[in-house]
Amino acid sequence: MWKQGRYRLLGPQPLREGPGLQYPRIEEADGLDRFGRLPGRTLVRVREIRSLSVSSWGRLDQGWICLETGETIYAEPELSL
């Protein structure tokens, strides 16, 4: 389902150093809010996809974000008009 491209975040998402919760959060990067997250509705470019057992992760230039876990979706494809 997931592929490289542009996505809009459906809610705030923390950046991580790698694909998974075991990787540390990135606390300082361009565009992060005061809680160290990318704000909801942010448009991001996913360069790589990594699927784990129950989640899918996308690599941005700044780090990794969770795209989905279980039945919860955290981003949607940005449609070109």
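Conventions used here
- Residues numbered from 1 in each chain as written.
- Predicted model: local features only at pLDDT ≥ 70, side-chain atom pairs only at ≥ 80, totals over all residues.
- Heavy atoms only, no water.
- Core = buried A, V, L, I, M, F, W, Y, C linked by side-chain atoms within 4.5 Å.
- Buried < 20%, exposed > 50% of the residue type's maximum accessible area, 1.4 Å probe, protein only.
- Helix = DSSP H or I, 4+ residues; strand = E, 2+ residues; numbered from the N terminus.
- Salt bridge = Lys/Arg side-chain N within 4 Å of Asp/Glu carboxyl O.
- Polar contact = N/O pair within 3.5 Å; in protein donor to acceptor, adjacent residues only side chain to side chain.
- Contact = heavy atoms within 4.5 Å.
- Phe/Tyr/Trp six-rings, centres within 6.5 Å; stacked < 30°, edge-to-face > 60°.
- Pairing = 2+ DSSP bridges.
- Axes fitted to C-alpha atoms, helices over the stretch in contact; angles between N-to-C directions.

*Asks:* What exactly am I supposed to notice about the nonpolar core here?
*Replies:* Soluble, globular proteins show a tendency: their nonpolar side chains are buried together. Within the largest apolar cluster, 13 residues are counted, with the highest numbers of intra-cluster contacts made by L15, L38, V44, L60 and I65. Mapped onto this core, the elements with two or more residues apiece are β1 (5–9), β5 (43–46) and β8 (64–69).

*Asks:* Would you mind going over the pattern of salt bridges with me for this structure?
*Replies:* Opposite charge on two side chains permits pairing when their charged atoms draw close. Per the stated rule, a full pass over the model turns up 7 salt bridges. Between D33 and R37 there is a salt bridge whose closest N-O contact spans 3.5 Å. Residue classification places D33 among the partly exposed positions, given a relative accessible area of 23%. Of the residues examined, R37 reaches a relative accessible area of 24% and is grouped as partly exposed. For E48, the salt bridge is made with R50, and the minimal N-O distance between the two is 2.8 Å. With a relative accessible area of 24%, E48 lands in the partly exposed category. A single salt-bridge network, built from bridges that share partners, covers E48, R50 and R59.

*Asks:* Sorry, what's going on with the side chain of S55 here?
*Replies:* If you trace the backbone, S55 turns up in strand β7 (residues 55–59). A distance of 2.9 Å separates a polar atom in the side chain of S55 from a polar atom in the side chain of W57. Setting aside chain neighbours within four positions, we find S55 in contact with R50, C66, E68 and T69.

*Asks:* Please explain the packing of aromatic side chains as it appears in this structure.
*Replies:* What describes a pair of aromatic rings is the distance from one ring centre to the other and the angle between the planes of the rings. Applying the stated criterion across every chain, the model contains 1 aromatic pair. Taking the centre distance of 5.4 Å and the plane angle of 45° together, the rings of W2 and Y7 count as tilted. Like W2, the residue Y7 is buried in the burial classification.

*Asks:* Would you mind showing me how to read unusual backbone geometry here?
*Replies:* Most peptide bonds take the trans form, and the phi angle of most residues other than glycine is negative. Of note in this structure, R41 is not a glycine but carries a positive phi near 75°. With respect to the helices, strands and loops of the structure, R41 is situated in the loop between β4 (37–38) and β5.

*Asks:* What is the right way to look at the sheet that holds β5 in this model?
*Replies:* Each strand in a sheet pairs with another by means of backbone hydrogen bonds, the pair being arranged parallel or else antiparallel. Reading across from one edge, β5-β1-β10 is the order of the 3 strands in this open sheet, with antiparallel pairing throughout. Both edges of this open sheet fall to β5 and β10 (75–77), since each of them pairs with a single strand only. Direction aside, the axes of adjacent strands within the sheet are offset by 40° on average. Pairing of β1 with β5, which is carried by 4 bridges, proceeds in the antiparallel orientation.

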